[in-house]
Amino acid sequence: PIRRRRGESMSYENLEDTFNKYVDSFVGYMDNFFNRDIQNVFGAGIRADIRETDRAYIIEADMPGFDREDISVELIDDQLTISAKRDEHTDEEGKDYIRRERRYGSMTRSFSVQGIEHEAVKAEYRDGVLRITLPKNEEAIKQGRNIEIE
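What counts and what doesn't
- Every chain is numbered independently, its residues counted from 1 as its sequence is written.
- Reporting in this predicted model follows two pLDDT cut-offs: at least 70 for local features of residues, and 80 or more for side-chain atom pairs to be given and counted; totals over whole chains, interfaces and linings ignore these cut-offs and use all residues.
- Values reported for side chains reflect all heavy atoms of the structure, with hydrogen atoms and water molecules removed beforehand.
- Helix numbering and strand numbering both begin at the N terminus, where a helix is a DSSP run of H or I of at least 4 residues and a strand a DSSP run of E of at least 2.
- We call a residue buried when its accessible area falls under 20% of the maximum for its residue type, exposed when it is over 50%, and partly exposed in between, using a 1.4 Å probe and counting protein chains only.
- Contacts are residue-level and defined by heavy atoms, with any inter-residue pair within 4.5 Å sufficient.
- With a 1 Å grid spanning the protein atoms alone, the term cavity applies to any set of points in which a 1.4 Å probe fits but cannot get out, the term pocket to an open set with protein on both sides within 12 Å along at least five of seven lines, and the term lining residue to any residue with an atom within 4 Å of a point.
- Grid points are joined across faces, edges and corners, and a volume is the space filled by probe spheres set on the points.
- We call Asp, Glu, Lys and Arg charged. Ala, Val, Leu, Ile, Met, Phe, Trp, Tyr, Cys and Pro are nonpolar, and the rest, Gly among them, are polar.
- Being paired, for any two strands, means DSSP has found at least two bridges between them.

## Regarding the overall build of the chain
Here is step 1 of the chain: Check the secondary structure of the chain and you find 2 helices and 7 strands.
Here is step 2 of the chain: If you list the helices and strands of the chain from N to C, you get α-β-β-β-β-β-β-β-α.
Here is step 3 of the chain: Taken across its 150 residues, the chain has 19% of its residues classed as buried.
Here is step 4 of the chain: Within the chain, contacts between residues separated by at least 24 positions form 54% of all contacts whose residues are at least 6 apart in sequence.

In structure tokens form, the structure reads like this:
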């Protein structure tokens, strides 16, 4: 990794700079190794797929690690809000952690939903996935149409 021509001597400053570059590179690599999945999962908040059928909209949100009791789904006017809160357990005082990557706190995501039957909305939570079915109201069903592609 250190190259020099024959007869040249490397100064202490050059050796120190080269060493520091390798250390910085290694530290950056290790930081990325330990944090990349955590950033993907928690940095984006609640990830969701939204589908539409003839009669309903379906939202499937990934919420692994949450208990059903920690999740809240609210529909106010035409705003659907999913929120979840995970509390940190403080009864682990005697544990000698090197690193704690499991996050605690809350997450929220809102969706604008229109043309749905508010009273008929259903939600179920299984295997870390929250599935919300939003049935369309009759007016929304009638307004839909196929558009022919030319």
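Structure's up, so let's keep going.
## Some details on the layout of surface pockets
Here is step 1 of the chain: Approximately 160 Å³ is the volume attributed to the second largest pocket.
Here is step 2 of the chain: For the second largest pocket, the lining is made up of 13 residues, of which Tyr57, Ser112, Val113, Gln114 and Gly115 are closest to its centre.
Here is step 3 of the chain: Residue assignment for the lining of the second largest pocket shows that the elements contributing at least two residues are strand S1 (47–52), strand S2 (56–62) and strand S5 (105–112).
Here is step 4 of the chain: Residues of the lining of the second largest pocket, tallied by class, amount to 7 nonpolar, 4 polar and 2 charged.

## Focus: the pairing of strand S6 (residues 122–126)
Here is step 1 of the chain: As paired elements, S6 and strand S7 (residues 129–135) share 5 bridges and run antiparallel to each other. For Arg126, the partnering residue across the bridge sits in S7 and is Val129.
Here is step 2 of the chain: Hairpin geometry of S6 and S7 is characterised by an intervening segment of 2 residues between the two adjacent antiparallel strands and by a positive phi of about 50 degrees at Asp127.

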